[in-house]
Amino acid sequence: MTNQILVTGGTGRLGRALVPQLLSAGHAVRVLSRKPPSHEQTCRGDLLTGEGLEEAVNGVGVIVHCATGNGRADIDGTRNLIQVAVRAGRPHLMYVSIVGVGRVDVSYYRAKLACEQLVERSGLPWTIQRTTQFHELIVWMCTSQRWLPVIVMPSGVSFQPVDAGEVAARLAALAGAPPAGRVPDMGGPEVRPAADLARAYARSRSSRRPVVSVPMPGVGIRGYREGGHLTPEHADGRITFDQFLAA
């Protein structure tokens, strides 16, 4: 049995991987976008202002909430979506979060945790999937320093990057199943030091820039050093960072 599914953030990295998988499974899909519709699956709406949300949510059985923002915007957008969904017949709300939101004290994680709590208290049937960072985040950390003579990474910190396409496959399966509450975390196949990942990136680009590990202060970075963002017991991904770079 297929569902009418609304995907928020459907034009983002995860959403772009998720929508084709939902369509191939036979689901009817709507993609919420603030921009004018670019194809038949797109409907215009704004999570922050609420504009167009009622039309977007009307008649859907599942909402996969992939959209993300910064801090207050993330929380307000999630609250607005929930309020509309409650009035629209209580669809299954799926929320994509981050491993360690309760263990790493940075503002982005705190906002994600607040959104989780809104979903849990919403009165809607719900599923929350936490994942580790995508491979693209590691690439961004390196490319954002392209004007420096070295690549600087935090010392004592490891990452467990996961492929966005594999996360999308997990979400597509969950979207076709009953609400499951907080499901097991999903992490990438390897836990590797940040500096090691940066060296792999440099090799893949034939760059000779050295990688320098630098101690970084703060409560947030301490959470990373303690591994609060990792889930080695759920290394469910199969595509390694090196394989991602090679592709």
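You'll find the structure just up there.
Residues numbered from 1 in each chain as written. Predicted model: local features only at pLDDT ≥ 70, side-chain atom pairs only at ≥ 80, totals over all residues. Heavy atoms only, no water.

Colleague: Got a sec to walk through the packing of helix α1 (residues 13–24) against helix α6 (residues 164–175)? Specific residues and values, please.
Modeller: Where α1 contacts α6, the axes come no closer than 8 Å and their chain directions differ by 50 degrees. With respect to their mutual orientation, α1 and α6 come out oblique. Between α1 and α6 lies a crossing of right-handed hand. Residues R13, L14, A17, L18, Q21 and L22 of α1 lie in contact with α6, whose contacting residues are A164, G165, V167, A168, A169, L171, A172 and A175. For the contact of α1 with α6, the class distribution of residues is eleven nonpolar, two polar and one charged. (Axes fitted to C-alpha atoms, helices over the stretch in contact; angles between N-to-C directions. Helix = DSSP H or I, 4+ residues; strand = E, 2+ residues; numbered from the N terminus. Parallel < 35°, antiparallel > 145°, perpendicular 65-115°, else oblique. Left-handed = near helix turned anticlockwise from the far one by under 90°. Contact = heavy atoms within 4.5 Å. Nonpolar A, V, L, I, M, F, W, Y, C, P; charged D, E, K, R; others polar.)

Colleague: For helix α4 (residues 107–120), give the residues involved together with the corresponding values.
Modeller: For α4, spanning 14 residues, the distance from its first C-alpha to its last is 20 Å, which sits close to the expected 20 Å at 1.5 Å a residue. Taken as a whole, α4 has its buried residues at Y109, A111, K112, C115, E116, L118 and V119. Residues of α4 that are buried in the fold lie against α3 (72–87), β5 (92–98), β6 (126–131) and α8 (219–225). (Expected span 1.5 Å × (residues − 1). Buried < 20%, exposed > 50% of the residue type's maximum accessible area, 1.4 Å probe, protein only.)

Colleague: I'd like a rundown of the sheet that holds strand β3 (residues 42–44), residues and numbers included.
Modeller: The strands making up a sheet associate through hydrogen bonds between their backbones, and the pairing can be parallel or antiparallel. Reading across from one edge, β3-β2-β1-β4-β5-β6-β9 is the order of the seven strands in this open sheet, with parallel pairing throughout. One side of each edge strand has no neighbouring strand; the edge strands of this open sheet are β3 and β9 (181–182). By the bridge criterion, four bridges tie strand β1 (residues 4–8) to strand β4 (residues 62–65) in an arrangement that is parallel. Within β4, the residue paired with V7 across the bridge is V64. (Pairing = 2+ DSSP bridges.)

Colleague: Can you break down α3 residue by residue, with the values?
Modeller: Across its 16 residues, α3 extends 23 Å between first and last C-alpha, which sits within 8% of the 22 Å expected from 1.5 Å per residue. The inward-facing, buried residues of α3 abut β1, α2 (53–57), β4, β5 and α4. Looking at the residues trailing α3, positive phi occurs at G89, about 115 degrees.

Colleague: Can you break down unusual backbone geometry residue by residue, with the values?
Modeller: With a phi close to 60 degrees, R90 is a non-glycine residue in the positive phi region. Within the fold, R90 resides in the loop between α3 and β5. Unlike most non-glycine residues, S206 shows phi in positive territory, near 55 degrees. Residue placement: S206 occurs in the loop between α7 (194–204) and β11 (211–214). Overall, S206 belongs to the exposed group, its relative accessible area being 68%.

Colleague: Explain the environment of E51 residue by residue, including any values.
Modeller: With respect to the secondary-structure elements, E51 resides in the loop between β3 and α2. Ignoring any residue separated from it by four or fewer positions in sequence, one finds E51 in contact with R44, G45 and D46.

Colleague: Describe the packing of helix α5 (residues 135–143) against α7, with residues and values.
Modeller: Running from amino to carboxyl end, α5 crosses α7 at an angle of 75 degrees, the nearest separation of the two axes being 10 Å. Judged by the angle between their axes, α5 and α7 are roughly perpendicular. Residues I138, V139, C142 and T143 of α5 touch α7, and the partners they reach there are L197, A198 and Y201. Residue composition of the contact of α5 with α7, grouped by class: six nonpolar, one polar and no charged.

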